[in-house]
Amino acid sequence: MKKIKDIIEKIRGNLAFKIFKGIYGFINFLLRCVLLILIIYSAVFSIVASVALYKAFIYGYNLYDGVESLKDTQPEMSRYMQALVDSNPTVKIKHTYVPLDSISPYLQKAVIASEDAGFYFHPGFDVNAIAEALNANKMSGKTKFGGSTITQQLAKNLFLSGERSWERKFKELAYALLMEHELGKDRILELYLNYAQWGKDIFGCQAACSTYYKKSCSKLSVDQAINLAAMLASPGKHHPNMRESQFMAKRRAVIYQNMFPKKDSLLVDSLRQLMAPPPAAAPAATAAEPVAPAGPTVEAVSSPGPSVSQDAN
């Protein structure tokens, strides 16, 4: 009997050991699989993250490099101009680049008043303008209005295509912020005035002034500057000498109001220097009558306002 009991206990012990060994082996295998999966996941994640960071760096560097090159040089053609030529190889682009000090201060202010009245106040994008555009689009039921600033428009013209996508809007914003930081307001305005479209094949203010007024853009009158600025919203369909055009009449009225705001408006402080007349030659000083230095002029131009009668198309 005792031997039988010993045999039974031995069998039971071996069975328990085998069960324990089986469970241990399964758990060990499971842990090894989990560990292997974690190692593979970490390796794949590291590779993907490295590739993503590299692509992000190249993406950001290309944006920065494009803006950095604008500090001292200007492209022969903008992206928009190149797209126009690609779509119609027979088109003859009219474009002549001129520095900002060769552009009429009246045109500078008229364009700001037309396209981006808060140009000197925002960091490249205007939240209020975007909100107003969204509200106007909602009321009209169509996407007719945009809230793009001069800086954003310049970014789109120089670097981007005309496609409507979130990626393009992101690039537009990124370019705008970089240009504000790297170029400054005056350089941005100079580039905008030189690459804006003023006709189906006319780009830049100098080509526009030569075509429409047969003069240099440094010699524009206030009314001529307002007429040119008014057509920027639809340069392919309008020209500055249009009469009986309600569109142009409304644009002129808005531009004139923005150019000559009330004296307590912030726009006066921001834009008064653009309207200051060129300094007149001072008379020779004499001992009996010393010459006093001239002070700043707040109301530099007194004009009856933009004409509302325009040419028919």
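Residues numbered from 1 in each chain as written. Predicted model: local features only at pLDDT ≥ 70, side-chain atom pairs only at ≥ 80, totals over all residues. Heavy atoms only, no water.

Peer 1: So, a nonpolar patch on the surface: which residues are in play, and what are the values?
Peer 2: On the surface, Ile19, Ile23, Phe26, Ile27, Leu30, Leu31, Val34 and Leu38 cluster together into a nonpolar patch covering about 780 Å² of accessible area. Here Ile23 lies in helix H1 (residues 2-68). Judged by its relative accessible area of 48%, Ile23 is partly exposed. (Patch = residues over 30% accessible without salt bridge, like charges linked within 9 Å, V, L, I, M, F, W, Y side chains within 5 Å. Areas by Shrake-Rupley, 256 points an atom, 1.4 Å probe, with all protein chains shown as cover. Salt bridge = Lys/Arg side-chain N within 4 Å of Asp/Glu carboxyl O. Helix = DSSP H or I, 4+ residues; strand = E, 2+ residues; numbered from the N terminus. Buried < 20%, exposed > 50% of the residue type's maximum accessible area, 1.4 Å probe, protein only.)

Peer 1: Any details on helix H6 (residues 166-182)? Residues and values, ideally.
Peer 2: Residues spaced three or four apart along an α-helix point in a common direction, a consequence of the helix completing one turn every 3.6 residues. Under the 1.5 Å per step criterion, the end-to-end length of H6 is 24 Å for 17 residues, consistent within 8% with the ideal 24 Å. Of all the residues in H6, the buried ones are Arg168, Glu172, Ala174, Tyr175, Ala176, Met179, Glu180 and Glu182. Note on H6: the residue one or two positions beyond its end, Gly184, has a positive phi of about 90°. (Expected span 1.5 Å × (residues − 1).)

Peer 1: How would you sum up the side chain of Gln108? Please name residues and give values.
Peer 2: Residue placement: Gln108 occurs in helix H3 (residues 105-115). Among the polar contacts made by the side chain of Gln108, one reaches the main-chain carbonyl oxygen of Ile103 at a distance of 3.0 Å. (Polar contact = N/O pair within 3.5 Å; in protein donor to acceptor, adjacent residues only side chain to side chain.)

Peer 1: Which residues make up the packing of H3 against helix H10 (residues 246-259), and what are the values?
Peer 2: Running from amino to carboxyl end, H3 crosses H10 at an angle of 110°, the nearest separation of the two axes being 8 Å. Classified by the interaxial angle, the pair formed by H3 and H10 is roughly perpendicular. Where H3 crosses over H10, the two elements pack in a sense that is right-handed. On H10, the residues touching Tyr106, Lys109, Ala110, Ala113, Ser114 and Glu115 of H3 are Arg251, Ile255, Asn258 and Met259. Its residues assigned to classes, the contact of H3 with H10 comprises five nonpolar, two polar and three charged. (Axes fitted to C-alpha atoms, helices over the stretch in contact; angles between N-to-C directions. Parallel < 35°, antiparallel > 145°, perpendicular 65-115°, else oblique. Left-handed = near helix turned anticlockwise from the far one by under 90°. Contact = heavy atoms within 4.5 Å. Nonpolar A, V, L, I, M, F, W, Y, C, P; charged D, E, K, R; others polar.)

Peer 1: Tell me about the nonpolar core, and please be specific about residues and values.
Peer 2: Counting 54 residues, the largest nonpolar core has Val111, Met179, Leu193, Trp198 and Leu228 as the members making the most contacts within it. Other than its neighbours up to four places away in sequence, Leu228 contacts Leu107, Trp198, Ala208, Cys209, Tyr212, Tyr213, Leu220 and Pro240. (Core = buried A, V, L, I, M, F, W, Y, C linked by side-chain atoms within 4.5 Å.)

Peer 1: I'd like a rundown of the side chain of Glu182, residues and numbers included.
Peer 2: Tracing the sequence through the fold places Glu182 in helix H6. Since its relative accessible area comes to 17%, Glu182 is described here as buried. A polar side-chain atom of Glu182 sits 2.9 Å from a polar atom in the side chain of His181.

Peer 1: Account for the packing of helix H5 (residues 150-159) against helix H7 (residues 185-195), naming residues and giving values.
Peer 2: When two helices pack together, their arrangement is given by the angle between the helix axes and by the axis-to-axis distance. Here H5 crosses H7 at 55°, and the two axes come no closer than 10 Å. Taken together, the axis directions place H5 and H7 in an arrangement best described as oblique. The crossing of H5 and H7 is left-handed. On H7, the residues that touch Ile150, Thr151, Gln153, Leu154, Asn157 and Leu158 of H5 are Ile188, Leu191, Tyr192 and Tyr195. Looking at side-chain class alone, the contact of H5 with H7 contains seven nonpolar, three polar and no charged residues.

Peer 1: Please set out the environment of Asp201 residue by residue, giving values where relevant.
Peer 2: One can find Asp201 in the loop between H7 and strand S2 (202-203). Separated by 110 residues in sequence, Asp201 and Val91 place their C-alpha atoms 7.1 Å apart.

Peer 1: Describe in detail the environment of Ala155, supporting the description with residues and values.
Peer 2: Here Ala155 lies in helix H5. By relative accessible area, Ala155 is classed as buried at 0%. In the structure, Ala155 is positioned 18 residues away from Leu173 in sequence and 8.2 Å away in space, judged by C-alpha atoms. Once you skip the residues sitting within four places of it in the chain, Ala155 turns out to touch Leu160, Glu172, Tyr175, Ala176 and Met179.

Peer 1: Kindly report on the pattern of salt bridges, identifying the contributing residues and their values.
Peer 2: A full pass over the atoms with the stated rule returns eight salt bridges. Here Arg168 and Glu172 are joined by a salt bridge, their closest N and O atoms 2.9 Å apart. With Arg168 and Glu172 both in helix H6 and four residues apart, the pair spans about one turn of that helix. When sorted by exposure, Arg168 lands in the same class as Glu172, which is buried. Taking the shortest distance from any N to any O, the salt bridge between Lys169 and Glu172 comes out at 3.3 Å. Taken as a pair, Lys169 and Glu172 lie in helix H6 at a separation of three residues, close to a single helical turn. Connected through salt bridges with shared partners, the residues Glu68, Lys71 and Glu182 form a single ionic network.

Peer 1: How would you explain helix H8 (residues 205-212) if you had to name every residue and give the values?
Peer 2: Counting buried residues along H8, six of its eight residues qualify, which places the element largely inside the surrounding structure. Within H8 the residues assigned to the buried category are Cys205, Gln206, Ala207, Ala208, Cys209 and Tyr212. With its phi angle positive at about 55°, Lys214 sits one or two positions after the end of H8.

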